[in-house]
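# Working through the structure, step by step
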Amino acid sequence: LNTAVNSALTHNSNAVTTTNSTITRAMLGLSGSVAGDDPERDSLIQWLRGADIHGADPAAPRYQMADPLHGRPATVIYGGTAASPDLDDGVVYSVTNTGYLSAIVTSDGTELWSFIPQELLAQTEALQSTEPTFDKSYGLDGDVKVFRHDVNGNGVIEPTDGDKVYLFFGMGRGGSNLYALDVSDKDA
């Protein structure tokens, strides 16, 4: 969110959390302003983070993934060797129409992290609504492409050796932006 302060997406200034004051009501598609605590803003941020804000327990996880329409996810195997890749050390990268790029562990299906472009945060209010709609919302839409540079050709992604992995994806019907992320370290 605040790449002028720090371009590392894992930096606190870029985190989608209720304590990040750089995330404004306007960014989330909310109108007006609120002095002090803002439960509506905080609720939307919790929804973005996967909370079931409309359920019996609003703090419970919302086990739901939006549609990855018009594209294929990409898989990156980080460990093992060229002859014997460690399939348990892989990540599936997938984009969805809610605007997320999700990093999902291949061995157990857990989510490592998600990235949502700031431009798509304004859809949050409409996306979390429980009101029926006939309009299709598009966020990130299309294939995720991977560029791998394995310096020593050993089949293992080792950032300390200079190996690089870049993801390329776009908004498709959701807009005209294209994105590139360095995921050489799958946790960053």
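Structure's up top.
Conventions used here
- Residues numbered from 1 in each chain as written.
- Predicted model: local features only at pLDDT ≥ 70, side-chain atom pairs only at ≥ 80, totals over all residues.
- Heavy atoms only, no water.
- Helix = DSSP H or I, 4+ residues; strand = E, 2+ residues; numbered from the N terminus.
- Rg over C-alpha atoms; globule rule 2.2 N^0.38 Å.
- Contact = heavy atoms within 4.5 Å.
- Areas by Shrake-Rupley, 256 points an atom, 1.4 Å probe, with all protein chains shown as cover.
- Lys, Arg positive; Asp, Glu negative; His and termini not counted.
- Charge placed at Lys NZ, Arg CZ, Asp CG, Glu CD.
- Core = buried A, V, L, I, M, F, W, Y, C linked by side-chain atoms within 4.5 Å.
- Buried < 20%, exposed > 50% of the residue type's maximum accessible area, 1.4 Å probe, protein only.
- Arc of directions from axis to C-beta.
- Pairing = 2+ DSSP bridges.
- Salt bridge = Lys/Arg side-chain N within 4 Å of Asp/Glu carboxyl O.
- Phe/Tyr/Trp six-rings, centres within 6.5 Å; stacked < 30°, edge-to-face > 60°.

Each helix and strand counted, the chain has two helices and seven strands in total. Scaling as 2.2 N^0.38, a compact globule of 188 residues should have a C-alpha radius of gyration of about 16 Å, and the chain matches this with 18 Å. The dimensions of the chain, computed from C-alpha atoms along their principal axes, are 55 × 35 × 35 Å. Contacts in the chain between residues far apart in sequence, at least 24 positions, make up 47% of those at least 6 positions apart. When the accessible area of the chain is evaluated, it comes to approximately 10500 Å², of which 52% is carbon and sulfur surface. Placing the 11 positive and 25 negative side-chain charges of the chain at their respective mean positions leaves the two points 5 Å apart.

Glancing now at the nonpolar core. One recurring pattern in soluble globular proteins is that nonpolar side chains are buried together. The biggest cluster of nonpolar side chains holds 34 residues, and the ones touching the most others in it are Tyr 93, Leu 101 and Phe 169. Of all the secondary-structure elements, those providing two or more residues to this core are helix H1 (39-48), strand E1 (74-80), strand E2 (85-95), strand E3 (101-105), strand E4 (111-115), strand E6 (164-170) and strand E7 (178-182). Excluding its chain neighbours within four sequence positions, the residues that come into contact with Phe 169 are Val 95, Leu 101, Phe 115, Leu 140, Asp 143, Val 144, Leu 178, Tyr 179 and Leu 181.

Below, the discussion takes up H1. Turning to H1, its buried residues number three or more, namely Arg 41, Leu 44, Ile 45, Trp 47 and Leu 48. Across the axial projection of H1, the buried residues extend over an arc of 155 degrees, all falling on one side. Check the buried side of H1 and you find it contacts helix H2 (124-128). Once H1 ends, the next one or two residues include Gly 50, with phi positive near 100 degrees.

Once that is clear, we can look at the pairing of E6. Examined bridge by bridge, strand E5 (residues 145-149) and E6 share five bridges and lie antiparallel to one another. Counterpart to Val 146 in the pairing with E6 is Leu 167. Relative to E7, E6 runs antiparallel, the two being bridged by five bridges. What sits directly across from Phe 168, in E7, is Ala 180.

Further remarks concern the pattern of salt bridges. Enumeration according to the criterion identifies six salt bridges in this entry. A salt bridge links Arg 41 to Asp 42; the nearest nitrogen and oxygen atoms lie 2.7 Å apart. Notably, a salt bridge pairs Asp 143 with Lys 145, separated by 3.9 Å at the nearest N-O pair. Residues joined in a network through salt bridges with shared partners are Arg 25, Asp 38 and Glu 40.

Moving on to the packing of aromatic side chains. Summed over all chains, the structure comprises five aromatic pairs. Look at Tyr 93 and Trp 113: their rings are 6.0 Å apart centre to centre, the planes differ by 45 degrees, and that puts the pair in the tilted class. You can see Tyr 93 sitting in strand E2 and its partner Trp 113 sitting in strand E4, a full 20 residues away along the chain. Each member of the pair Tyr 93 and Trp 113 is classed as buried. Taken together, a centroid distance of 6.2 Å and an interplanar angle of 75 degrees make the contact between Phe 115 and Phe 169 edge-to-face. Pair noted here: Phe 115 is in strand E4 and Phe 169 is in strand E6, with a separation of 54 residues, a long-range link. Aromatic rings pair up to connect Phe 115, Phe 169 and Tyr 179 into one cluster.

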